[in-house]
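Coordinate analysis (summary)
Residues per chain are reported as follows:
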Amino acid sequence: TQTTRPQRMLAAVQKNATRGDPRSVVKAIDQFCRQKEWAMNVGDEKGCILDSVVTEVNPATVLELGTYCGYSTVRIASLLPSNAKLITLEFNPDYAAIARQVIAWAGLEDKVQLVEGASGDWIPKMKEKFGIETFDLVFLDHWKDRYLPDTKLMEECGLLRKGSILLADNVICPGTPDYLEYIRNSPRYKSQYFKSHLEYTKVEDGLEKSVFLG
Ligand SMILES: C[C@H](C[C@H]1O[C@@H](n2cnc3c(N)ncnc32)[C@H](O)[C@@H]1O)NC(=O)c1cc(-c2ccc(F)cc2)cc(O)c1O
Ligand SMILES: [Mg+2]
């Protein structure tokens, strides 16, 4: 029977990447997406910007919205200090099943908590379920029309502190116009746009980095 693209991506990781070596997992996925089949990972170009922000913030707590197959989960977790925690939310069970195996192949299970479910349901439960006070870094990469409501929800739930960083993928393509309008005009945030390209293409896209001012 026909395999899915995420299944073929996982097979490429298991064939070409070294167990326990996150960078080889990232490289195997990027090669698969460049040479075989496009997929909606943040990719190598925007991935370098993601890496630099993670390294600069050096977060103890990270929330990722939209795991997909775990590419950015692996990129982020591979840069975290030993006691740090990354919680990643994915509501598609098929994608979540693949992502768990990609994260395991990279040897990062101890740093990552993959939660199957919708961000809107889980954000209000972060404190009680995971003992999280606030997030040092949030990577938004889920449905583009959920960035704004979920940001407001995180504010309401007290999950952001003075200095928390929001990093949003795809603010140009597919685009998140309502989120950009809000975050760039709100006195509670200081935003910066990192121009780049849609993963594995020449189409413009970029990341928006925003600091919550409290
Ligand atoms: C939305 C997806 C990423 C994942 O997010 C999960 N998800 C969703 N909403 C929720 C929630 N509310 N809670 C938890 N998980 C959630 C989903 O199941 C996907 O696995 N990402 C994209 O659609 C995406 C699309 C493109 C793209 C660009 C140009 C094109 F021509 C075609 C596609 C590029 C990108 O870089 C993306 O990131
Ligand atoms: Mg994306």
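Look a little higher up for the structure.
Below, the structure is looked at part by part. (Residues numbered from 1 in each chain as written. Chains lettered and ligands numbered in written order. Predicted model: local features only at pLDDT ≥ 70, side-chain atom pairs only at ≥ 80, totals over all residues. Heavy atoms only, no water.)

Right, let's talk about the layout of surface pockets for a bit. Here the largest pocket is characterised by a volume of approximately 500 Å³. Around the largest pocket, the lining is made up of 26 residues, and of these Gly66, Glu90, Asp141, His142 and Trp143 lie nearest the centre. Secondary structure elements with two or more residues in the lining of the largest pocket: strand S2 (85–90), helix H6 (119–122) and helix H9 (171–175). Across the lining of the largest pocket, the residue classes break down as twelve nonpolar, eight polar and six charged. (1 Å grid on protein atoms, 1.4 Å probe; cavity = no way out; pocket = protein on both sides within 12 Å on 5 of 7 lines; lining within 4 Å. Points joined across faces, edges and corners; volume = space filled by probe spheres on them. Helix = DSSP H or I, 4+ residues; strand = E, 2+ residues; numbered from the N terminus. Nonpolar A, V, L, I, M, F, W, Y, C, P; charged D, E, K, R; others polar.)

Now for the site of ligand 1. Surrounding ligand 1, one finds 22 residues, the nearest of these being Glu90, Ser119, Asp141, Asn170 and Glu199. In the model, a nitrogen atom of ligand 1 is placed 3.4 Å from a nitrogen or oxygen of the Trp143 main chain. In this structure, Asn170 approaches ligand 1 through a side-chain N or O atom, which is 2.6 Å from an oxygen atom. Judged by the fraction of its atoms near the pocket grid, ligand 1 is located in the largest pocket. Within the residue set of the shell around ligand 1, elements represented by two or more residues are S2 and H9. For the shell around ligand 1, the class distribution of residues is eleven nonpolar, six polar and five charged. (Near = heavy atom within 4 Å. Polar contact = N/O pair within 3.5 Å; in protein donor to acceptor, adjacent residues only side chain to side chain. Sits in = over half its atoms within 2 Å of the grid points.)

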